[in-house]
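# Coordinate analysis (summary)
The residues making up each chain are set out below.
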Amino acid sequence: MEQYLQLYGESAKTALGFFWKSGWAFVLGYFVSGMIQAFVPKKELTKYMGKGDFKSISLSTFFGAASSSCSFAALAAARSLVKKGAHFIAAVAFMFASTNLVIELGILIMIFLGWQFLAAEIIGGLVLIAISSLLIKWTYPESWLQAAREKVESEGDGLTEDFDWKERITSREGWQLAGHKFVNDWKMAWEDILIGFTIAGFVAVLVPESFWSTLFLADAQHLPNWLVTLENAAIAPFVAASTFIGSMGNIPLATVLNENGVLFAGIMGFIYSDLMVPPLVHINAKYYGWRVALYIAAVMFVSIVLTALILNGLFSFLDIVPESRRVVSEITQFKIDYTFWMNLGFVWLAGGLVWLHKKYIQEHEMKMMDMEGGGKIKKAAVYLFIAILVGGCVTFLMPAI
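Note that the coordinates shown come from a computational prediction; the quantities given were computed from them, not determined experimentally.

Scanning the protein from terminus to terminus reveals 19 helices and 0 strands. When the 401 residues of the protein are sorted by exposure, 52% land in the buried category. A sequence separation of at least 24 residues applies to 86% of the contacts in the protein between residues at least 6 apart. Taken as a whole, the protein presents about 18400 Å² of accessible surface, with 66% of it coming from carbon and sulfur.

Written as structure tokens, this is what we have:
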């Protein structure tokens, strides 16, 4: 019994260590994202997204990279773009960019996996968008997507507002809006982050290396390397889908996979698969209908596997395949180092942004923007995970009391 309690406490400590290591990065990333959303005009961009050509895809990629990394927000924003007249190819490009090319995700990958994986994420994100765009162009089910567009156009509001960014960035209201966007991003993403980081902490401690070795064929020396690489890339999206974790929450778990010898192709396939989790497929079904939702998921799966394989081939050819093999227990240590001082400073920044958000709410007499989420089941899971973390911390600290 004592051994199980020790593992429980260690798991909770590891999960909180993930939070500790990345706390300042979240604040910085969402602060930059909030400023971009507040100060970069978007209305004019949607005028040029009505075709599935290079210009539309490029604008969608830029627009997505300048948006929030919350997976649920990405889907809602893509729906708004479709309502505004954006092509479905452009909408899918936006979704991939807004969950794979945003600054906060890049900072997190840099912290947990290293700069090599960050470089791979950026290059692969662009390859992923290119492949998905070609796949949709080649397989475009026009009647399905036209019906989906008509469904979207008959519902809800689209993206609004146009403004002079120079005037807004020098105004008090502009910075209050940036604070408001910062808080909105947190409101949309914190549940995924909590669930993902908690799962990663417990998986890192409780799941033996032999499980990952078997699942990803790490010890299958009798099989050719190309087949193992293909298996890693193909199975990774299903592993990601089984976690029900969004874009930001799966980076610590990717670190666990990296520590346990999963191949580069498998890790990248896992990271790119955040939009394939069942709750997100279900939300797309609510937006566009099940035919289109499953079509988008299939395009994403094929694109992810091909991108992971292309990245693996390219990096192998250049002999720069990332092999950081960072030890999770070293990453999640609590100590007085740069992380402590960065967290301390960014707590003050977060407090200031929350204050600006409250001022914005007061002056506009509005409530927080409602976004699609995981529903009652996800809320219950969040409360359960909070209770698990609290119980684990108490268990971990008991010997010291």
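Having seen it, we continue.
This paragraph deals with unusual backbone geometry. Positioned with a positive phi, D319 is a non-glycine residue whose angle comes to about 60°. D319 gets classed as exposed once you look at its relative accessible area, which sits at 70%.

Glancing now at the pattern of salt bridges. One pass over the structure, following the stated rule, counts 1 salt bridge. Residue R172 is joined to E363 by a salt bridge in which the shortest nitrogen-to-oxygen separation is 3.5 Å. Pair noted here: R172 is in helix α10 (residues 172-206) and E363 is in helix α18 (residues 338-364), with a separation of 191 residues, a long-range link. Looking at R172, the relative accessible area reads 60%, which means it is exposed. Judged by relative accessible area, which is 41%, E363 ranks as partly exposed.

When the terminal C-alpha atoms of helix α16 (residues 290-317) are compared, their 40 Å separation across 28 residues agrees well with the 40 Å that a helix rising 1.5 Å per residue should span. Just past α16, the residue D319 takes up positive phi, approximately 60°.

We now examine the packing of helix α15 (residues 278-288) against α16. At a minimum axis distance of 7 Å, the contact between α15 and α16 shows a crossing angle of 135°. The angle between α15 and α16 places the two elements in the oblique class. Seen along the crossing, α15 lies across α16 with a hand that is right-handed. For the pair α15 and α16, the contacting residues are V281, H282, N284, A285 and Y288 in the first and W290, V292, A293, L294, I296 and A297 in the second. Its residues assigned to classes, the contact of α15 with α16 shows 9 nonpolar, 2 polar and no charged.

Below, the discussion takes up the environment of F96. With respect to the helices and strands, the residue F96 is situated in helix α5 (residues 88-100). Between the C-alpha atom of F96 and that of S273, which follows or precedes it by 177 residues, the distance is 9.6 Å. F96 has contacts with L101, L128, I129, S132, Y272, L275 and M300, leaving out every residue within four places of it along the chain.

When the pLDDT values of the protein are averaged, the result is 80; 84% of them are 70 or greater. The low-confidence segment residues 156-160, where pLDDT is below 50, has 11 contacts with residues more than four positions distant or belonging to other chains.

Here we come to the packing of helix α7 (residues 115-139) against helix α14 (residues 264-272). Where α7 contacts α14, the axes come no closer than 11 Å and their chain directions differ by 65°. The two elements α7 and α14 cross, and the hand of that crossing is right-handed. Of α14, the residues touching α7 (which contributes F117, A120, E121, G124, G125 and L128) are F264, I267, M268, I271 and Y272.

What counts and how
- The numbering scheme is per chain: residues are counted from 1 as the chain's sequence reads.
- Given that the model is predicted, a residue must reach a pLDDT of at least 70 before its local features are reported, and side-chain atom pairs must reach 80 or more before they are shown or counted; all residues, however, enter totals for whole chains, interfaces and linings.
- Hydrogen atoms and water are omitted, and side-chain values are computed over all heavy atoms in the structure.
- Per the convention used, a helix needs a DSSP run of H or I reaching at least four residues, while a strand needs a run of E reaching at least two, with both numbered from the N terminus.
- Any residue under 20% of the maximum accessible area for its type is buried, any over 50% is exposed, and the rest in between are partly exposed; the area is computed with a 1.4 Å probe on protein chains only.
- Should any heavy atoms of two residues lie within 4.5 Å, those residues are counted as being in contact.
- Accessible areas in this description were obtained via Shrake-Rupley with a 1.4 Å probe; residue shielding takes into account the shown protein chains only.
- What makes a salt bridge here is a side-chain nitrogen of Lys or Arg within 4 Å of a carboxyl oxygen of Asp or Glu, nothing more.
- Take the number of residues in a helix, subtract one, and multiply by 1.5 Å to get its expected span.
- Fitted lines through C-alpha atoms give the axes, limited to the stretch in contact for helices. The angle between two N-to-C directions lies from 0 to 180 degrees.
- Any angle that falls under 35 degrees is termed roughly parallel, while one over 145 is termed roughly antiparallel, one within 65 to 115 roughly perpendicular, and all others oblique.
- Take the far helix as the reference: if the near one is turned anticlockwise from it by less than a right angle, the crossing is left-handed, and if turned clockwise, right-handed.
- Residue polarity follows a fixed list, in which Ala, Val, Leu, Ile, Met, Phe, Trp, Tyr, Cys and Pro are nonpolar, Asp, Glu, Lys and Arg are charged, and the others, Gly among them, are polar.
- Every residue carries a pLDDT, the predictor's confidence in it, which falls somewhere between 0 and 100.

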